[in-house]
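Okay, here's what each chain looks like letter by letter:
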Amino acid sequence: MSEHDAIARFARETVVEPDHIARARLHALELGAAPISAGVGAQCAVIAAATAARSIIEIGTGAGVSGLWLLRGAPKAVLTTIDYEPEHLAAARQAFTQARVPSSRVRFITGRAADVLPRMNEASYDIVLVDADPENVIPYVEHGLRLARAGGTVLVPRVLNGRVADPVQRDAVTSAYRTLLQETQGSAAVIPALSTIGEGLLQLTTVAE
């Protein structure tokens, strides 16, 4: 095992996932909902806490793992979560209920993000998490930047997906993530940062004009 691999493994194993999120993760895996890793979830929680987030929107509910991590960091926030899979939304509702998250703090929207996002209020959210339909990640991030308030943050997990760093890989999803990383690094509209823990997490904080 290389030193890099040893460090990555140590970082993964250091994260302690709360029991209620671990239960939601197991359910997500049973459904094939592919939850974010615990390391990425912990970083999302830290960002939510540092932002003192009160309004969060996530594109892609899964079985509730990412939402629970975000609310762990922002216990006073209201989470709006969008997904078109009724089974996933039902699992997330169960996970939030079991975690004793008040129903007033979670708003579920059933539908395809491409149809829902244009109707959402711009500059209204402290945090936007983009984790759905990876082939559409670029337009979803564009929507996310529109929805985030000045100084708000757009979070994009899975940006490294095990293939982005390999120039030989040119499939549509890998190319989309690679383009997103390249374009945001040179943008004057955001302050970007890329975490390499787990599957990767791109953080884009909008710059106030």
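See the structure printed just above.
Since we're looking at a predicted model, the values are computed, not measured.

What counts as what
Counting restarts for each chain: residues are numbered from 1 in the order of the written sequence. Thresholds applied to this predicted model are a pLDDT of at least 70 for local features of residues and 80 or more for the giving and counting of side-chain atom pairs; totals over whole chains, interfaces and linings are not thresholded and use all residues. Here the side-chain values reflect all heavy atoms present in the structure, with hydrogen atoms and water set aside. Working definition: helices are DSSP H or I runs of at least four residues, strands are E runs of at least two. Numbering for both runs from the N terminus. Between the first and last residue of a helix there are one fewer steps than residues, each counted as 1.5 Å, and that sum is the expected span. Only protein chains enter the area calculation, which uses a 1.4 Å probe; residues under 20% of their type maximum are buried, those over 50% are exposed, and those in between are partly exposed. Here the arc refers to the directions that run from the helix axis out to each C-beta atom. Whether two residues are in contact is decided by their heavy atoms: any pair within 4.5 Å suffices. In this text, buried Ala, Val, Leu, Ile, Met, Phe, Trp, Tyr and Cys residues form a nonpolar core when linked through side-chain atoms within 4.5 Å. Lines fitted to C-alpha atoms define the axes here, with helix axes fitted over just the stretch in contact, and angles between the N-to-C directions of these axes take values from 0 to 180 degrees. Under the grouping applied here, Gly and all other residues not named as nonpolar or charged are polar, the nonpolar ones being Ala, Val, Leu, Ile, Met, Phe, Trp, Tyr, Cys and Pro and the charged ones Asp, Glu, Lys and Arg. Salt bridges are identified by distance alone: a Lys or Arg side-chain nitrogen within 4 Å of an Asp or Glu carboxyl oxygen.

A few words on helix α2 (residues 19-31). End to end, α2 covers 19 Å across 13 residues, agreeing with the expected 18 Å (1.5 Å per residue, within 8%). Residues of α2 that are buried: Ile-21, Ala-24, Arg-25 and Ala-28. What you see down the axis of α2 is that its buried residues fit within an arc of 105°, all on one side. In α2, the exposed residues that point more than 90 degrees away from the buried face are Asp-19, Leu-26 and Glu-30. Looking at the buried side of α2, the elements it contacts are α3 (38-51), α4 (65-73) and α5 (86-98). Note on α2: the residue one or two positions beyond its end, Gly-32, has a positive phi of about 75°.

In this structure, Ile-56, Leu-70, Phe-96, Ile-127 and Leu-155 are the most contacted members of the largest nonpolar core, which totals 35 residues. Here this core gets six residues from one element, more than from any other, and that element is α3. The contacts of Ile-127, once residues within four sequence positions are left out, are Ile-47, Ala-48, Thr-51, Ala-53, Ser-55, Ile-56, Ile-57, Leu-70, Thr-153 and Leu-155. Core analysis: the second largest hydrophobic core is formed by 27 residues, Val-116, Val-130, Ala-176 and Leu-180 among them.

Between helix α7 (residues 137-147) and helix α8 (residues 172-185), whose axes approach to 9 Å, the crossing angle comes to 35°. From α7, Val-137, Ile-138 and Val-141 reach across to α8, where they touch Ala-176, Tyr-177, Thr-179 and Leu-180. For the contact of α7 with α8, the residue count by class is six nonpolar, one polar and no charged.

On to the pattern of salt bridges. Tallied over the entire structure, the rule returns four salt bridges. For Arg-163, the salt bridge goes to Asp-171, with nearest N and O atoms at 2.9 Å.

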